[in-house]
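Overview (structure and organization)
So the chains spell out like this:
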Amino acid sequence: MNSSRTKGILCVISAAFFFSLMTLFLKLAGDLPAFEKSFFRNFVAIFFAAATIIRYRIPLTVGNPSNLKYLIARSAGGTIGIFCNFYAVDHLVLSDANMLNKLSPFFAVIFSFFLLKERIRPVQLFCLTLAFCGALLIIKPGISSLATFPALLGAIGGMGAGFAYTFVRIASQHGVKGPIIVLFFSVFSCLASIPLMLPVFVMPSVKQLVFLFLTGFAAAGGQFSITAAYSFAPAREISVYDYSQIIFAALLGFLFFGEIPDLLSVAGYFTIAAASLIMFEVNKKDFS
């Protein structure tokens, strides 16, 4: 295994750990509205993105004005994804919420078909179907309406993230720098959170504020780690290691909340992970 690929794998695992920490801190912040939690998470991200832009002297421009629509679409999808994911984290077993968010790569394939005209091959269609079946095992429609609603929102969160990732790719192809995309999204999401947050605003305690800011710091750590990972190695070689986040989330959920996923959820984890592994192997062969 070459050193660049090893570094990429370690960075992906590091990102997975940071993102699972983000969901842990999010849950430890307690009974606060998802919109409020989203605001604080992205408020911290603004400073990290701005610091990166200043450090590397990246011009504060989106290039061609037509790129603005791609950034707005990316930000809208990402914001919806965060709102839904944060609600799911508050109401589901931590590992369930994390796994439903991991449906995003499969939704990205679907959106790429419609938006980028990228062909979906039979093996990809099989993986999409397999992932959907895995999601159903976690969502458990009809078993309990109380459990189904947040799980459904968790899946919608994954869909929003997949939509956002598609437009990240489009914006990048049109020359928009990564830190500019992150900054635009963070500011957009904060502004979108304010009118939704204010009517249900709950004044956080000092302890809750600490966890909210830790959520933002962990999210920033994840973003920096994942950015570094894909600078060391292509996604087709290392993306599958991102599923280590589910292991971290399950361990943290057990240690801090005594959460134990039920058998149907565990079956769903393995089903989605299997679909991802098949997709990973196919992509690796295609580019080898």
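So, how was this worked out
- Residue positions are counted from 1 within each chain, in the order its sequence is given.
- Where local features are concerned, this predicted model is filtered to residues with pLDDT of at least 70; where side-chain atom pairs are given and counted, the filter is 80 or more; whole-chain, interface and lining totals use all residues.
- Side-chain numbers here rest on the full set of heavy atoms in the structure, without hydrogens or water.
- Under the DSSP-based scheme used, a helix requires at least four consecutive residues in state H or I and a strand at least two consecutive residues in state E, with every element numbered from the N terminus.
- Throughout, the radius of gyration refers to the C-alpha atoms, and the reference size of a globule is 2.2 Å times the residue count to the power 0.38.
- Exposure classes here rest on a 1.4 Å probe applied to the protein chains alone. A residue is buried below 20% of its type maximum, exposed above 50%, and partly exposed in between.
- Between two residues, a contact is recorded if the distance between any of their heavy atoms is within 4.5 Å.
- The charge count treats Lys and Arg as positive and Asp and Glu as negative. His and the chain ends do not count.
- Taken as the charge location is NZ of Lys, CZ of Arg, CG of Asp or CD of Glu.
- To estimate the expected span of a helix, subtract one from its residue number and multiply by 1.5 Å.
- Salt bridges, as used here, are contacts in which a Lys or Arg side-chain nitrogen is within 4 Å of a carboxyl oxygen on Asp or Glu.
- Any Phe, Tyr or Trp ring, taking Trp's six-membered ring, that has another such ring centre within 6.5 Å forms a pair; planes under 30 degrees apart are called stacked, those over 60 apart edge-to-face, and the others tilted.
- Only lysine NZ and arginine CZ atoms are considered, and such an atom sits over a ring when it is within 6 Å of the ring centre and within 35 degrees of the ring normal.

1. Examining the overall build of the chain
If you tally the helices and strands in the chain, you get twelve helices and zero strands. Its helices and strands taken in sequence order, the chain reads α-α-α-α-α-α-α-α-α-α-α-α from the N to the C terminus. Computed over C-alpha atoms, the radius of gyration of the chain comes to 18 Å, within 12% of the 19 Å expected from 2.2 N^0.38 for 288 residues, which places it in the range of a compact globule. Referenced to the eigenvectors of the C-alpha coordinate spread, the extents of the chain come out at roughly 45 × 45 × 35 Å. In the chain, buried positions account for 48% of the 288 residues. Summarising the internal contacts of the chain: among those between residues at least 6 apart in sequence, 89% fall at separations of at least 24. Computed over 20 positive and 11 negative side-chain charges, the inter-centroid distance for the chain is 11 Å.

2. Quick notes on helix 6 (residues 122-139)
If you check helix 6, its first and last C-alpha atoms are 26 Å apart, about what 18 residues at 1.5 Å a residue would give, namely 26 Å. Positive backbone phi, approximately 55°, marks Lys 140, located one or two places after helix 6.

3. Some remarks on the pattern of salt bridges
Per the stated rule, a full pass over the model turns up five salt bridges. Among the ionic pairs, Glu 259 bridges to Lys 27, the shortest N-O distance being 2.7 Å. With a gap of 232 residues between them, Glu 259 in the loop between helix 11 (244-257) and helix 12 (263-286) and Lys 27 in helix 1 (residues 3-28) connect regions that are remote in the sequence. Residue Glu 259 shares its accessibility class with Lys 27, and that shared class is buried. Of the charged contacts in the structure, one is a salt bridge between Asp 90 and Lys 37, with a shortest N-O distance of 2.7 Å. Separated by 53 residues along the polypeptide, Asp 90 in helix 3 (residues 68-91) and Lys 37 in helix 2 (residues 34-55) bring together distant segments of the chain. On the accessibility criterion, Lys 37 (1% relative accessible area) is buried.

4. Concerning the packing of aromatic side chains
This structure, assessed with the given rule, holds 14 aromatic pairs. Seen in terms of ring centroids, Phe 25 and Phe 211 are 6.3 Å apart; in terms of plane orientation they differ by 25°. Their pairing is stacked. Residue Phe 25 is located in helix 1, and its partner Phe 211 is located in helix 9 (residues 206-232); the two are separated by 186 residues in the primary sequence. Accessibility expressed as a relative area gives 16% for Phe 25, which makes it buried. Measuring from centroid to centroid gives 5.7 Å for Phe 39 and Phe 43, while their planes differ by 15°, and the two rings are stacked. Of the two residues, Phe 39 and Phe 43 both sit in helix 2, four residues apart, roughly one turn of that helix. Under the relative-accessibility criterion, Phe 39 is labelled buried at 17%. Taken together, Phe 39, Phe 40, Phe 43, Phe 47 and Phe 213 form an aromatic cluster joined through their ring pairs. In this arrangement the basic side chain of Lys 27 is found over the ring face of Phe 257, its NZ or CZ atom lying 5.4 Å from the centre.

5. Looking at helix 5 (residues 104-115)
Here helix 5 contains twelve residues, and its C-alpha end-to-end distance of 16 Å stays within 8% of the 16 Å for a straight helix at 1.5 Å per residue. Of the positions making up helix 5, those classed as buried are Ser 104, Phe 106, Ala 108, Val 109, Phe 111 and Ser 112. Once helix 5 ends, the next one or two residues include Lys 117, with phi positive near 60°.

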